[in-house]
Structures are given as C-alpha cells and as structure tokens.
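Coordinate inspection notes
This is what each chain is made of:
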Amino acid sequence: MEMNRRNICIIAHVDHGKTTLVDYLLRQAGTFQEHQSLQDRVMDSMDLERERGITILAKNTSIHVGDTKINVVDTPGHADFGGEVERILGMVDGAILLIDAAEGPLPQTRFVLQKALAQGHKVILVVNKVDRPECRGTGRIQEVVNMAFDLFIELGASEEQANFPIVYACSRQGWCTMDEADIDPILEGKKKADLKPLFDLILEQIPPPRVKLDGDFQMLVSNLSYSDYVGRLAIGRVSSGVVRKGTRIFRQGIKPDGQPLKEGFSVSELFTYEGLKQVPIDQLEAGEIGIVAGLETFEI
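Summarised in this report is the structure supplied together with it. Bear in mind that the values here come from a model prediction, so they are computed numbers and not experimental data.

Rules used throughout
- Residues numbered from 1 in each chain as written.
- Predicted model: local features only at pLDDT ≥ 70, side-chain atom pairs only at ≥ 80, totals over all residues.
- Heavy atoms only, no water.
- Helix = DSSP H or I, 4+ residues; strand = E, 2+ residues; numbered from the N terminus.
- Areas by Shrake-Rupley, 256 points an atom, 1.4 Å probe, with all protein chains shown as cover.
- Phe/Tyr/Trp six-rings, centres within 6.5 Å; stacked < 30°, edge-to-face > 60°.
- Buried < 20%, exposed > 50% of the residue type's maximum accessible area, 1.4 Å probe, protein only.
- Lys NZ or Arg CZ within 6 Å of the ring centre and 35° of its normal.
- Polar contact = N/O pair within 3.5 Å; in protein donor to acceptor, adjacent residues only side chain to side chain.

Considering the overall build of the protein
Regarding its fold elements, the protein presents 8 helices and 16 strands. Carbon together with sulfur atoms contributes 47% to the accessible area of the protein, which is approximately 14200 Å² in total.

What follows is the structure, encoded as structure tokens:
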C-alpha cells in the first residue's frame with residue numbers, strides 16, 4: 001500500500017551545511033510559527049556534537065508539505081558508527097546527499113553513500129554553499145558534480161541511481177535551484193528563490209514506503225532513547241500493521257546465550273515526530289517512523 005509519507009535521510013560530511021539545511025526546510029514548510037524561536041543547528045542536540053560539530057546519534061524530525069509528511073532522519077557520518085548507519089538506512093526509502101561546492105565529496109560522505117546505494121536507495125544530490133567566491137565562475141561546481149558522479153559509479157550505483165537529480169543550494173540563505181545558470185542572478189538579488197525545488201524532488205523522486213497496513217504489527221527497533229516519564233523508548237520504522245496504546249505485543253530478541261527471547265508487554269505510550277518534537281499519538285501505523293514505550297528491556 002502507498003501512502004502520503006516519505007522517509008529520507010541526509011548524508012553529509014561535517015560542516016557541509018546539513019543542520020542549516022534542515023533548519024530552513026523546517027522553517028519553509030511552516031513547522032515554526034513566527035513567534036517561536038528557533039535554535040540554530042537544530043539537529044545537533046548532544047553537547048558533544050555541538051562542541052565538535054559532528055553527528056553521532058541519528059535524530060529524527062518531520063516536515064509537512066501539503067498532505068504529505070516527510071520524516072527526515074540524520075545519519076552519523078563516521079565509520080565507527082557503521083552499525084547505526086545500517087539501521088538508519090533501513091528506516092528510509094531514499095537520501096539527500098549534501099556536498100560542499102568547494103570541498104567536494106569527502107570520506108564520511110563516501111562511507112554512508114556506499115551503504116545507501118547498496119540498499120537500493122534513490123539519492124538526490126544537493127551541491128551546497130554555491131555562494132562561495134571560489135566556486136563562482138570557476139567551473140568548480142560542475143567539477144564537484146562530476147566528482148559525485150564518479151563516486152556513484154565507483155561505489156557500484158545502478159544506472160537509475162547514477163542518474164541522480166541535482167540541486168544547487170545556499171542553505172544558509174535558504175534557497176536552491178535546479179538550474180546552475182540561476183545561481184548568480186539569485187545571489188545578485190535579480191531572482192527570488194527558496195527550497196521548493198528540493199521539496200518537489202523529494203515528493204517526485206523518493207518512493208513512499210511500501211508496507212502492509214493489514215498485516216500483524218511489526219517494527220524494527222533502530223534506536224533507543226529514554227524518558228523520565230515513561231522510561232525506555234524504542235525508536236524505529238513500522239513495517240507492517242498498526243499498534244494502539246494499551247495493546248499487548250511481544251518483543252522478539254536474543255538472549256546472551258544466543259537463544260531466542262519472546263517478551264510480552266503492554267504499549268504504555270506511542271509517539272511520532274512533528275517538527276522537532278515527539279508528539280503522543282493513539283496509534284502507530286505501517287510506514288511511519290515512531291516510538292513505542294512500555295518495556296524497560298528494549299534492545300536494538
């Protein structure tokens with residue numbers, strides 16, 4: 001069954017503008033009202049990440065465009081977190097690859113992109129920071145696009161994956177264009193631009209989740225969190241069925257000795273993401289990325 005939902009991740013090297021881009025996607029999708037203050041670099045929430053500017057634990061946020069909900073999952077860019085990268089990519093159906101127009105693709109990008117391509121994901125290339133002086137009128141932007149194409153081929157992209165759509169962006173000014181010739185007129189104020197081309201591409205190019213709404217409830221736990229109010233939280237994507245608050249379900253895990261474990265519990269709370277907030281809901285359905293509470297022994 002198809003639904004009005006898109007699940008995507010953003011792949012980028014440190015300081016290539018990922019969190020700034022997410023800030024503006026949220027603003028332009030109307031997630032933040034005028035009276036709400038926005039903490040810059042919204043997805044870097046852990047202190048260590050703010051200090052070092054790196055993304056360790058993947059964060060989730062969501063954006064509504066028309067009647068479609070876009071779940072955006074951040075990816076860690078370090079090979080040290082390879083297991084988490086695999087799990088995060090299993091939650092989504094496509095990716096945005098964000099590359100600095102001056103620096104081009106860097107090692108962190110390569111590692112996560114390889115995993116995304118291996119899972120068959122469609123990727124949208126966003127060449128960011130096109131306002132940098134060393135990129136204007138020098139041919140550097142096209143050079144970076146060619147480098148990205150070479151990287152896709154080298155990492156074993158399919159013909160369809162290698163035919164990726166491209167947008168040229170200045171995330172700190174909150175705009176992008178699909179036409180490289182528009183960059184100078186936009187920077188000179190002769191043309192207006194926003195992030196609509198990127199929103200349109202996500203809706204056109206990234207497939208909706210293919211799931212079974214009428215099957216038994218199944219959710220793959222990809223991450224864990226904790227709430228002072230309801231205890232341990234299991235975060236993941238629902239692959240089948242629907243779960244409601246109060247329902248009795250089972251966690252299927254593995255004991256330390258390798259034997260299968262089946263542990264029953266009642267769902268105490270369900271949450272989903274709206275903007276940057278975790279919002280309580282009554283039911284969680286297939287295709288959605290959400291949170292289940294009710295068991296203190298949740299494991300990945």
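Here's the deal with the packing of aromatic side chains
Applying the stated criterion across every chain, the model contains 2 aromatic pairs. Taking the centre distance of 4.4 Å and the plane angle of 35° together, the rings of Phe-152 and Phe-164 count as tilted. Here Phe-164 lies in the loop between helix H6 (159–162) and strand S6 (166–170) and Phe-152 lies in helix H5 (residues 140–154), a separation of 12 residues in the sequence. For Phe-152, a relative accessible area of 0% gives the class buried. Ring geometry for Phe-265 and Phe-298: centres 5.4 Å apart, planes at 85°, overall edge-to-face. With a gap of 33 residues between them, Phe-265 in strand S12 (residues 260–266) and Phe-298 in the segment after strand S16 (289–293) connect regions that are remote in the sequence. Residue Phe-265 shares its accessibility class with Phe-298, and that shared class is buried. Its guanidinium or amino end placed over the ring of Tyr-24, Arg-27 lies 4.8 Å from that ring's centre, counting from NZ or CZ. One Lys or Arg, Lys-262, reaches over the ring of Phe-250 and ends 4.8 Å from the middle of that ring.

So, the side chain of Lys-18
Mapped onto the elements of the fold, Lys-18 is located in helix H1 (residues 18–28). Within the local environment of Lys-18, its side chain forms a polar contact with the side chain of Asp-74, the two groups lying 2.9 Å apart.

Examining unusual backbone geometry
You will see that Lys-129, though not glycine, has its phi angle at about 65°, which is positive. Its location among the elements puts Lys-129 in the loop between strand S5 (122–128) and H5. Take Lys-129: its relative accessible area is 23%, and that puts it in the partly exposed class.

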